[in-house]
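Here are the chains, one letter per residue:
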Amino acid sequence: MTLIILGLGSSALAQTYNTFEPSKTQFMLRGYGHTGFEYLDTGGEQESTFLGATFAPIFLYKHSDKLMFEAELEFELEGNELKTGLEYADVMYVLNKHMTVRAGKFLLPFGTFMERLHPAWINRLPSRPLGFGHDGIAPASDIGVELRGAFDLGGPKLNYAVYVTNGPRIKDGSEEPEEAGMLDFGYYEDVNLAKALGGRIGLLPLSDSSMEWGISAYTTNSTGAEDSDYKDVGAFLWALDLSYVKSITPLQGVVDIKAQYNSSNVDTATYYEIEDGISEPYSFDNQSSSFYTQLSYRPIMSGSDFMKQLEFVGRYSDFNAPEGAEWEEKSTQYAFGLNYWLSWRSVVKFSYQTTKMEGGHDSDGTTRTNGLFVHWAIGF
Amino acid sequence: MASIMVACSSNKKPIATDTATEVAGSEVDFKIEKSGAQLWGEVCNRCHIAPSPADYNDTDWETISLHMRVRANLTEEEITKIESFLKSAN
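Summary of the structure given here. Source: prediction; values computed, not measured. (Residues numbered from 1 in each chain as written. Chains lettered and ligands numbered in written order. Predicted model: local features only at pLDDT ≥ 70, side-chain atom pairs only at ≥ 80, totals over all residues. Heavy atoms only, no water.)

Points about helix α4 (residues 76–89) of chain B
Part 1 of the argument: In this model, α4 of chain B (14 residues) spans 20 Å end to end at C-alpha, consistent with the 20 Å of a helix rising 1.5 Å per residue.
Part 2 of the argument: Buried within α4 of chain B we find Glu78, Ile79, Lys81, Ile82, Glu83, Phe85 and Leu86 of chain B.
Part 3 of the argument: If you follow the buried residues of α4 of chain B, they end up packed against β7 (157–165) of chain A together with β2 (32–33), α2 (36–43) and α3 (58–71) of chain B. (Helix = DSSP H or I, 4+ residues; strand = E, 2+ residues; numbered from the N terminus. Expected span 1.5 Å × (residues − 1). Buried < 20%, exposed > 50% of the residue type's maximum accessible area, 1.4 Å probe, protein only. Contact = heavy atoms within 4.5 Å.)

In structure tokens form, the structure reads like this:
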């Protein structure tokens, strides 16, 4: 009897097992989250808070060796409200050895920070460098189509990406006068017939792929609505980026250097300032720039298991917004961090950051902000 | 999990040096080709810490490889070799 049952059992098992054969199409649910604690001192005014956990599920659907869809949702508490976002949602198809087409909403290869380094489990510090993110000058994502690919040059490698997207909208000051002249890259709806055209070329000159230099450009003829005074206000942006990651035996660890310079040039236009009920026209040379460089070191060849999980990080960044704009600003920031890696995708980051800002949203004079951060990020 | 990472980061060296010299087919110019293991050590560490082969099963590696090929703009040769290494070593 037992034998019969066993016999039946094993054949049933064998059958069930067959259904676990990989299917041609594959679906993965991945993503990341982070939480933390922050203490900020802004010109003597202190605040501290635990941060609501951020949760970003990522959906990857692979239809075949060539066709794939990727999407990331973002859930975050802003104050008491749940803020949701669609970070990206795009479909990609490998056309040939050297060319893949992507369409949808995707992260823009303008430099490397937003496309490759910003997720909390990748970014070595809890904050973004100046110039990225909210009110930043570097475009992060947009809706459009893109061609990208890579070539092996027999040791060195070259990669490229070119894209056409809806492009940014200029803030004309009618809603937020203090932001007149800023480009809004987070406005995904197309406001005019003009499209933005951009691209990046990356060169990895060394055969061990340890170094990559990249140059990016982004241009549009029009950033204003079709029927507005700002229709002919164009913009040209460019960026330079560098990445160097190498395991260095005498240093007993991995050295990781990242840097990016962004420059934004928006055509000069006239904006209006309302003073005592009278509308005063004004104009300024609309040029902004930002830069960051980061050095991190992980002693992975150290004899101590504890030391192997540690990482030391330093980052400098600066941001210059146009003189004469309501959002005129010159900021410099230093950030230092000590990270403890629990796994390749989970890290506890301790950091100290000090920012000196001259000007900024309708404030004159210099503000110094010092912050202490403890963040815990995990990818899954 | 922590030990996986350490294993991954510290294993990399020996794997890389052991298998670095795989000679290409005799037809061409005796170019020394890199192994998938060596490429994994060099390429997958550029943006984030490289996952170790044991972190995912073969099916997942196929999806991840296509995702990374496009996101990181890798050459077809690089990703093909790395994918077969990851699938053979997990």
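Observations regarding the interface of chain B and chain A
Part 1 of the argument: Facing 36 residues of chain B, the contacting portion of chain A comprises 53 residues.
Part 2 of the argument: Summing both sides of the interface, chain B and chain A together bury roughly 3,900 Å²; the carbon and sulfur share of this comes to 58%.
Part 3 of the argument: Among the residues of chain B in contact with chain A, Arg46, Arg71 and Asn73 of chain B are the three that bury the most area, contributing 19% of the side total.
Part 4 of the argument: One can count three salt bridges joining chain B with chain A.
Part 5 of the argument: Between glutamate 78 of chain B and lysine 157 of chain A there is a salt bridge whose closest N-O contact spans 3.9 Å.
Part 6 of the argument: Applying the counting rule to chain B against chain A returns 15 residue pairs in polar contact (both at pLDDT 80 or more).
Part 7 of the argument: Where the side of chain B that touches chain A is concerned, the elements lending two or more residues are α1 (2–19), α2, α3 and α4 of chain B.
Part 8 of the argument: Classifying every residue of the side of chain B that touches chain A gives 15 nonpolar, eight polar and 13 charged. (Buried area = accessible area lost by both parts, 1.4 Å probe. Salt bridge = Lys/Arg side-chain N within 4 Å of Asp/Glu carboxyl O. Polar contact = N/O pair within 3.5 Å; in protein donor to acceptor, adjacent residues only side chain to side chain. Nonpolar A, V, L, I, M, F, W, Y, C, P; charged D, E, K, R; others polar.)

Topic: the packing of α2 of chain B against α4 of chain B
Residues and elements named next belong to chain B.
Part 1 of the argument: The interhelical angle for the contact between α2 and α4, taken along N-to-C directions, is 110°, at an axis separation of 8 Å. Taken together, the axis directions place α2 and α4 in an arrangement best described as roughly perpendicular. The residues of α4 that touch α2, namely those facing Gly36, Ala37, Leu39, Trp40 and Val43, are Glu78, Lys81, Ile82, Phe85 and Leu86.
Part 2 of the argument: Residues of the contact of α2 with α4, tallied by class, amount to seven nonpolar, one polar and two charged. (Axes fitted to C-alpha atoms, helices over the stretch in contact; angles between N-to-C directions. Parallel < 35°, antiparallel > 145°, perpendicular 65-115°, else oblique.)

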